[in-house]
Amino acid sequence: MTINDYMAELERELRRRRAPRARLLREAEDHLHDLCAELAADGLAQKQAEARAVAQFGAAATVAARFAEAAASATAHRAVTVTAAAFVVYTGVFVAFATAASPLLRDFPQGAGSFLALQLAAVALGVALVRSLRWRGAPAAPTAELTAIARALSIAAIVLVGAAFAEAAVAVSRPAGVIAWSAGRWLTLAFAAALVVLLLSAISAVRVVAQAQAVHALPGRHVHSTAAVLLADDVETLLARFRLPKASGTLRWLLVHPWSATLAIAGLAFVTVSAAGVASSGRAGLSGAAALAAVESSVIVCSFAAFGRMLGLRDTARHDAR
Amino acid sequence: MRGEVIKNHLELLVLTALKTEPGHGYSIIRAVRDRSDGEFELLEGSLYPALHRLERDRLVTSSWSNVAGRKRRVYKLSRKGRAVLEQQERDWRRFERAMNLVLAAR
């Protein structure tokens, strides 16, 4: 095979895996010409030297796969950072609106949608963050982890973008009218900035999904989903890295018994929200607080039932892939 | 076996190859081969992804420059990379000493 043929094949393989191409192709071509020149100086004919150089460089599919995995991991780590920033910005704007002095501002965002979206996004982002932190510094995250990060980021980005646009739509269409520019200039600008960051996070999540799918679809790359067990391993590794091994036993139990953990969290949320309601409104507010607490607990359980598998918090089968 | 060992220590080998002077991919492979007396042959397919990752982690920097009349991507050890290399060297020496002690035990 000539260097030109090899370069064409390498480009095809990289394209198929949605990996960045320009720089690697340039470097590979330079490398092959150097190697070829060295082999020719040792006495090989040009054709043989090219064939030997290409063989030594490695099969185009293998080189492309290794590069695609590394590139997909890097994209995933970046996307986790962007989505975390989007989450922080949107949470800040949400809190600023909810605690604003003007009742008209406090009324926007409407609240419930964003409040629930922020909770789901926090869990999804937490899952993605743990997996990403565990594999930062490694040549590439395993395919199953990459897929799990991609799914968690998609959920976080979708619910945040959905909530933000729904809030904006409600705000501009409500009967009480829109907020006067002079009354909420900075908050409106902050909300617009949050929308931009959220859209960036959605774009980065889409890129991760596309690259993770391309890597996952490679022959021999399909791994049976053991995402929950892998997550427990990741948490254990991170805790050991931060010298907190004692916490890992309890956390591991919770992660490999996700339904028990979810029910415990839902129960805790019920008690906390009820207690907070009673503390602010007295015994008279107990029934209202209990109703709110029941909604919150139900949402936690329903969200886990709906998204737990997608988030890689529970698996259909439990076995260790490593 | 040797391939696995090289793969696990690829970062240390690459950073060491760039310790004294900047280099491009091909020169890094040659440097590692020469310094190991031909024992270590880095695979090109692993080297370039590793170099790109080291750059993303800011352990090396890179730029296009003319080397022997050709335009090459030349990699240079960063300050952070030098610190990481020194730490990895210390870890390796400790590991080597402990391994020698174990192997020498009767």
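Residues numbered from 1 in each chain as written. Chains lettered and ligands numbered in written order. Predicted model: local features only at pLDDT ≥ 70, side-chain atom pairs only at ≥ 80, totals over all residues. Heavy atoms only, no water.

1. A closer look at the interface of chain A and chain B
Counting from both sides, the interface comprises 21 residues of chain A and, opposite them, 25 residues of chain B. When residues of chain A are sorted by the area they lose upon contact with chain B, Arg23(A), Glu27(A) and His31(A) head the list and together hold 28% of the total. The interface formed by chain A and chain B includes four salt bridges. Measuring nitrogen to oxygen at the nearest pair gives 2.5 Å for the salt bridge that ties Arg23(A) to Glu55(B). Our count for the contact surface shared by chain A and chain B stands at ten residue pairs in polar contact (both at pLDDT 80 or more). (Contact = heavy atoms within 4.5 Å. Buried area = accessible area lost by both parts, 1.4 Å probe. Salt bridge = Lys/Arg side-chain N within 4 Å of Asp/Glu carboxyl O. Polar contact = N/O pair within 3.5 Å; in protein donor to acceptor, adjacent residues only side chain to side chain.)

2. Observations regarding the environment of Gln88(B)
For Gln88(B), the position within the fold is in helix H5 (residues 79-104). Non-local contacts of Gln88(B), meaning those with residues more than four positions away in its chain, are made with Glu11(B) and Leu12(B). (Helix = DSSP H or I, 4+ residues; strand = E, 2+ residues; numbered from the N terminus.)

3. Description of the confidence of the model for chain A
Residues and elements named next belong to chain A. A residue-level look at chain A finds 85% of positions with pLDDT of 70 or above and a mean pLDDT of 82. Predicted confidence in chain A is weakest over helix H5 (residues 103-106), with a mean pLDDT of 60, and strongest over helix H1 (residues 3-16), with 92. Scored below 50 in pLDDT, residues 318-322 shows 15 contacts in the model against residues more than four places distant or in partner chains. (pLDDT = per-residue confidence, 0-100.)

4. Topic: the packing of aromatic side chains
Evaluated as defined, the whole model comprises five aromatic pairs over all chains. Ring geometry for Phe57(A) and Tyr48(B): centres 6.2 Å apart, planes at 25°, overall stacked. Remark: Tyr48(B) occurs in helix H4 (residues 44-56) and Phe57(A) occurs in helix H3 (residues 46-57); the pair is interchain, linking two chains. Relative to Phe191(A), the ring of Tyr90(A) has its centre 6.3 Å away and its plane inclined at 55°; by these criteria the two rings are tilted. One end of the pair, Tyr90(A), is in helix H4 (residues 60-98); the other, Phe191(A), is in helix H8 (residues 185-216), and 101 residues separate them in sequence. Exposure remark for Phe191(A): the relative accessible area of 6% places this residue in the buried category. Through a chain of ring-to-ring contacts, the aromatic side chains of Tyr6(A), Phe57(A) and Tyr48(B) assemble into a single cluster. Above the ring of Trp64(B), the side-chain terminus of Arg26(A) is found at 5.1 Å from the ring centroid. The ring of Trp135(A) has Arg134(A) lying over it, and the distance from NZ or CZ to the ring centre is 3.9 Å. (Phe/Tyr/Trp six-rings, centres within 6.5 Å; stacked < 30°, edge-to-face > 60°. Buried < 20%, exposed > 50% of the residue type's maximum accessible area, 1.4 Å probe, protein only. Lys NZ or Arg CZ within 6 Å of the ring centre and 35° of its normal.)

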